Amino acid sequence: MISTEETLLGKSLEELTYWAQQQGQPAYRGKQLHQWLYQKGARSLEEIHIFPKTWREKLKNYPVGRSKIKYRTISQDNTRKYLLSLDDGLIIEVVGIPTTKRLTVCVSSQVGCPMACNFCATGKGGYDRNLKAHEIVDQVLTVQKDFQRRVSHVVFMGMGEPLLNFEAVISAIKILNQDMQISQRSLTISTVGLPQKIIKLANQHLQVTFAISLHASNQALREKLIPSASSYPIKQLLEDCRKYVEITRRRITFEYILLEGVNNFSYHAIELANKLRGFQSHVNLIPYNPIEGANYQRPSQDKTQTFVNILKQQKIAVSIRYSRGLEANAACGQLRYSDSF
Ligand code: SAH
């Protein structure tokens, strides 16, 4: 397997310049290479026709660090889900979500996910390994090329738990920001929350958007949905979130999946509001997307609206995430590559 150090994707302008010089080329080749990798999305050195033919010939098998598109599905709203095959043959998923103003890419941070949340298809599919930084960046380049349009937003809401792959995720964020010119505020990390990691993230002083998958208004309920919740009580989680806001001065988004008859009663909304009062935050409700092997239901629109209204009465900022790509199994929580065949 090829490590990040060896692949060209993932290297900064300085590193590419150094690499080109090591190859006996002038320094400006590094800048050209940088442009071809991060703007034009070159998949091989052979296609960089501005390079001397003999050099291209010599380097044609040099590892660039790009995945292969194995499969693509397009849903009616033009949300596209891709199965990408990595160097070691493992498969990950990435989703491209277009609107008039935005092209959002929902990237995976791991192959599978070890968190095993019982409403999530990825969690039910097991876990293989962490992704390398360049394997995260590659997903964004792949979607950008396929849509022939600049990616404006990236959300770490595909397969995996980003904070379990901390270093690679941070380094991917820096590349997306510095090398692909996507603003940090347009990058979102979503996490179930892990002890110590929220403060560690805060201390990176990034301008990224930060979302916590809370999903429950009390500890007992959260433990039923998210196995790791038992070793990280909501109280501690929210204390860490407060510190995050203090350190970064950025508000936090709390994601709350709506599961009919489980966590969507009026008293849950009140309980949630009480927990979040006085907190610079925002609640993003996600009506449940059905997955195989889970016995949950999505609440009716009326019930969803009631939940929203209570939060609003309680002066909590709230929005609903209407899922895109449902029929392509590309919506939140539906990513699990074996389903796609
Ligand atoms: N591991 C990270 C990223 C996961 S994905 C995290 O937990 O935040 C993004 C969001 O989709 C999470 O909030 C996740 O809980 C939610 N999700 C998972 N399964 C879902 C489903 N079946 N329906 C709706 N949302 C789901």
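On a predicted model such as this, the values are computed, not experimentally measured, just so you know. In this convention, every chain numbers its residues from 1, walking through the sequence in written order. Owing to the predicted nature of the model, reporting of local features is limited to residues with pLDDT of at least 70; listing and counting of side-chain atom pairs is limited to 80 or more, with chain, interface and lining totals taken over all residues. To get the side-chain values, take all heavy atoms of the structure and skip hydrogens and water.

Draft legend 1. Representation of the site of the ligand. Think of it this way: one heavy atom of a residue within 4 Å of a molecule or strand is enough to make that residue near it. In the neighbourhood of the ligand, 20 residues make up the surrounding shell, with Phe119, Ser190, Ser213, His215 and Asn289 lying closest. Nitrogen and oxygen atoms within 3.5 Å of one another constitute a polar contact, given that in protein one can donate a hydrogen and the other can accept it, and given that sequence-neighbouring residues count only through two side-chain atoms. Between asparagine 289 and the ligand, the recorded distance is 2.9 Å, taken from a backbone N or O atom to a nitrogen atom. Here, Shrake-Rupley sampling with a 1.4 Å probe gives the accessible areas, and only protein chains in the shown set may cover a residue. For the ligand, whose accessible area on its own is 540 Å², the fraction buried by protein is 95%. Numbering of helices and strands starts at the N terminus; helices are DSSP runs of H or I of at least 4 residues and strands are runs of E of at least 2. For the shell around the ligand, the secondary structure elements donating two or more residues are strand S8 (187-191) and strand S10 (252-258). Here the term charged refers only to Asp, Glu, Lys and Arg, the term nonpolar to Ala, Val, Leu, Ile, Met, Phe, Trp, Tyr, Cys and Pro, and the term polar to all other amino acids, Gly among them. For the shell around the ligand, a count of residues per class yields 11 nonpolar, 7 polar and 2 charged.

Draft legend 2. Structural view of the packing of aromatic side chains. Two aromatic rings, drawn from Phe, Tyr or Trp (for Trp, its six-membered ring), form a pair once their centres lie within 6.5 Å of each other, and the interplanar angle then sorts them: stacked below 30 degrees, edge-to-face above 60, tilted otherwise. Counting across every chain of the model gives 8 aromatic pairs. Residues phenylalanine 254 and phenylalanine 279 carry aromatic rings whose centres are separated by 5.5 Å and whose planes lie at 85 degrees to one another, so their mutual orientation is edge-to-face. Of the two residues, phenylalanine 254 is situated in strand S10 and phenylalanine 279 in the loop between helix H10 (266-276) and strand S11 (281-287); the sequence distance between them amounts to 25 residues. Judged on exposure class, the residue phenylalanine 254 and its partner phenylalanine 279 are both buried. A centroid spacing of 5.9 Å and a plane angle of 10 degrees characterise the contact between phenylalanine 265 and tyrosine 267, whose relative ring orientation is stacked. What makes phenylalanine 265 partly exposed here is its relative accessible area of 39%. Look at tyrosine 267 and you get exposed, because its relative accessible area is 52%. Within the aromatic cluster, the residues linked to one another by ring pairs are Trp19, Phe51, Trp55 and Tyr62. Relative accessibility thresholds used throughout: buried, under 20% of the residue-type maximum; exposed, over 50%; partly exposed, between the two (1.4 Å probe, protein chains only).

Draft legend 3. Inspection of the pairing of strand S3 (residues 91-98) at higher detail. For S3, a buried count of 7 out of 8 residues is recorded, marking the element as mostly surrounded by other parts of the structure. If DSSP finds at least two bridges between two strands, the strands pair. When strand S2 (residues 80-85) meets S3, the two strands line up antiparallel, connected through 6 bridges. Paired with leucine 84 across the strands is isoleucine 92, a residue of S3. Once S2 ends, the chain turns through 5 residues before running back antiparallel as S3, passing glycine 89 with a positive phi of about 90 degrees. Where S3 lies against strand S4 (residues 103-106), 4 bridges are found, and the strand directions are antiparallel. Looking at the pairing, isoleucine 97 lines up with threonine 104 of S4. In this structure, the hairpin formed by S3 and S4 is closed by a connection of 4 residues.

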